[in-house]
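Next come the chains, spelled out residue by residue.
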Amino acid sequence: MLLYLGPVIFGFLIGFILGTRIKSNPESNINFTLGSYLVVFIIAIIVAWQLGPFPYYDDIPIATGFLSGAIGLIIGKLLLGR
């Protein structure tokens, strides 16, 4: 079993960059709690499972690039989000 790091690294970087660009509007009543991040992560796992691996990748049965992009988005928002 071989894990391809290209989609994982690229997905995380794109997700992290997009996560840092998410702005919080103080006039909005929308607040992201730990539970909402958990729901987003679970939905990302389900979507990655349904997408399946990139053609000719047979390392694991999920879309690793999509899942790492979702993780990067959440980490980027939590660490450097405005």
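Each remark here, short or long, concerns the structure printed above.
Throughout this description, residue numbers start from 1 for each chain and increase along the sequence as written. Local features are withheld for residues below a pLDDT of 70 in this predicted model, meaning they are given only at 70 or higher, and side-chain atom pairs are given and counted only at 80 or more; totals for whole chains, interfaces and linings count all residues. Side-chain metrics in this entry use all non-hydrogen atoms of the structure; hydrogen atoms and water are not considered.

K.L.:
Can you walk me through the overall build of the protein in this structure?
P.N.:
A count of helices and strands for the protein gives 3 helices and 0 strands. Put simply, DSSP H or I for four residues or longer makes a helix, DSSP E for two residues or longer makes a strand, and each gets a number counted from the N terminus. Secondary structure elements of the protein, listed N to C terminal, follow the sequence α-α-α. Principal axes of the C-alpha set define a box for the protein whose edges measure 50 × 20 × 15 Å. With 82 residues in all, the protein has 24% of them scored as buried. Note on contacts: a residue pair is in contact if any heavy atoms of the two residues lie within 4.5 Å. Restricting to contacts in the protein with at least 6 residues of sequence separation, those with at least 24 account for 76%. Note that accessible areas follow from Shrake-Rupley with a 1.4 Å probe, and for residues the cover is restricted to the protein chains shown. Summed over its atoms, the accessible surface of the protein is roughly 6,100 Å², and 74% of this surface lies on carbon and sulfur atoms. Exposure classes here rest on a 1.4 Å probe applied to the protein chains alone. A residue is buried below 20% of its type maximum, exposed above 50%, and partly exposed in between.

K.L.:
Even after reading the chapter, I still don't get the packing of aromatic side chains, so can you show me in this structure?
P.N.:
Two rings belonging to Phe, Tyr or Trp (six-membered ring only in the last case) form a pair when the distance between their centres is within 6.5 Å. Interplanar angles under 30 degrees mark stacking, angles over 60 mark edge-to-face geometry, and anything in between is tilted. What the rule picks out here adds up to 1 aromatic pair. With a centroid separation of 6.0 Å and an interplanar angle of 25°, the aromatic rings of F12 and F16 are classed as stacked. Within this pair, F12 and its partner F16 are both found in helix α1 (residues 5-20), separated by 4 residues, close to a single helical turn.

K.L.:
How should the nonpolar core be read in this particular structure?
P.N.:
Across soluble globular proteins, nonpolar side chains show a tendency to be buried alongside one another. By nonpolar core we mean a set of buried residues, namely Ala, Val, Leu, Ile, Met, Phe, Trp, Tyr and Cys, connected to one another through side-chain atoms within 4.5 Å. Ranked by size, the top nonpolar core spans 6 residues in total: A44, A48, I62, A63, L67 and A70. Secondary structure elements with two or more residues in this core: α2 (34-51) and α3 (64-80). Ignoring sequence-local partners within four residues, the contact set of A63 consists of A48, L51, G52 and P53.

K.L.:
So what exactly am I meant to see when it comes to the packing of α2 against α3 here?
P.N.:
Helix packing for two helices is described by the angle between their axes and how far apart those axes are. Lines fitted to the C-alpha atoms define the axes, with helices restricted to the stretch that makes contact. Angles between their N-to-C directions range from 0 to 180 degrees. The interhelical angle for the contact between α2 and α3, taken along N-to-C directions, is 160°, at an axis separation of 8 Å. Put simply, α2 runs roughly antiparallel to α3. In this structure, α2 meets α3 at a crossing whose hand is right-handed. Residues Y37, V40, F41, A44, I45, V47, A48 and L51 of α2 touch α3, and the partners they reach there are F66, L67, A70, I71, I74, K77 and L78. Class assignment of the residues belonging to the contact of α2 with α3 gives a composition of 14 nonpolar, no polar and 1 charged. Between 65 and 115 degrees an angle is taken as roughly perpendicular, under 35 as roughly parallel, over 145 as roughly antiparallel, and anywhere else as oblique. Throughout, a crossing is termed right-handed when the near helix is turned clockwise from the far one, and left-handed when it is turned anticlockwise from it by less than a right angle. Three classes are used: nonpolar for Ala, Val, Leu, Ile, Met, Phe, Trp, Tyr, Cys and Pro, charged for Asp, Glu, Lys and Arg, and polar for all others, with Gly counted as polar.

K.L.:
Hey, could you run me through α1 in this one?
P.N.:
Owing to its 3.6 residues per turn, the α-helix brings residues three or four apart onto one side. Each helix should span, by expectation, one fewer than its residue count multiplied by 1.5 Å. With 16 residues, α1 ought to run about 22 Å at 1.5 Å a step, and its terminal C-alpha atoms sit 22 Å apart, in line with that. Every buried residue of α1 is accounted for by G11, G15, G19 and T20. The buried residues of α1 all sit within an arc of 155° when viewed along its axis, so they share a single face. Those residues of α1 that are buried are in contact with α3. Directions are taken from the helix axis to each C-beta atom, and the arc is the one they span.

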